[in-house]
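Chain and residue survey
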Amino acid sequence: MPGEQFTIQIWHGRLCSDLAEIEEERQYPMNEESFHTMLRWLEAQVKPEDTAK
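Residues numbered from 1 in each chain as written. Predicted model: local features only at pLDDT ≥ 70, side-chain atom pairs only at ≥ 80, totals over all residues. Heavy atoms only, no water.

A word on the nonpolar core. General note: in soluble globular proteins, nonpolar side chains tend to be found buried as a group. The biggest cluster of nonpolar side chains holds six residues, and these are Phe6, Ile8, Ile10, Tyr28, Met38 and Trp41. Secondary structure elements with two or more residues in this core: strand S1 (5-10) and helix H1 (32-45). The leading source of residues in this core is S1, at three residues. (Core = buried A, V, L, I, M, F, W, Y, C linked by side-chain atoms within 4.5 Å. Buried < 20%, exposed > 50% of the residue type's maximum accessible area, 1.4 Å probe, protein only. Helix = DSSP H or I, 4+ residues; strand = E, 2+ residues; numbered from the N terminus.)

Below, the structure is given as structure tokens:
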């Protein structure tokens, strides 16, 4: 899908994205390399205390 992008958003809380305050938003080209880049960025955003629940 050349030319297409996907958007990643981060918010906290139980609200849907339309009602929540978006804290981070990134766009990446839709290709395999960008997908892996996005995963690394997303994993870096997760705080250790978020995964302890």
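Here the structure, examined in full by the defined rule, presents two aromatic pairs. Residues Phe6 and Tyr28 carry aromatic rings whose centres are separated by 5.9 Å and whose planes lie at 25° to one another, so their mutual orientation is stacked. Pair noted here: Phe6 is in strand S1 and Tyr28 is in strand S2 (residues 24-29), with a separation of 22 residues, a long-range link. Both residues of the pair, Phe6 and Tyr28, belong to the buried class. Measuring from ring centre to ring centre gives 6.4 Å for Phe6 and Phe35, while their planes differ by 55°; the resulting arrangement is tilted. Here Phe6 is found in strand S1, whereas its partner Phe35 is found in helix H1, with 29 residues between them in sequence. (Phe/Tyr/Trp six-rings, centres within 6.5 Å; stacked < 30°, edge-to-face > 60°.)

Taking 1.5 Å as the rise per residue, H1 with 14 residues should run 20 Å; its terminal C-alpha atoms sit 20 Å apart, in good agreement. Three or more residues of H1 are buried, namely Ser34, Met38 and Trp41. Buried residues of H1, viewed axially, fall in a sector of 65°; they line one side. Facing away from the buried side of H1 by over 90 degrees, the exposed positions are Glu32, Glu33, Arg40 and Glu43. If you follow the buried residues of H1, they end up packed against S1 and S2. Backbone nitrogen of Glu33 and a side-chain oxygen of the N-cap are separated by 3.3 Å at the start of H1; the cap is Asn31. (Expected span 1.5 Å × (residues − 1). Arc of directions from axis to C-beta. Contact = heavy atoms within 4.5 Å. Polar contact = N/O pair within 3.5 Å; in protein donor to acceptor, adjacent residues only side chain to side chain.)

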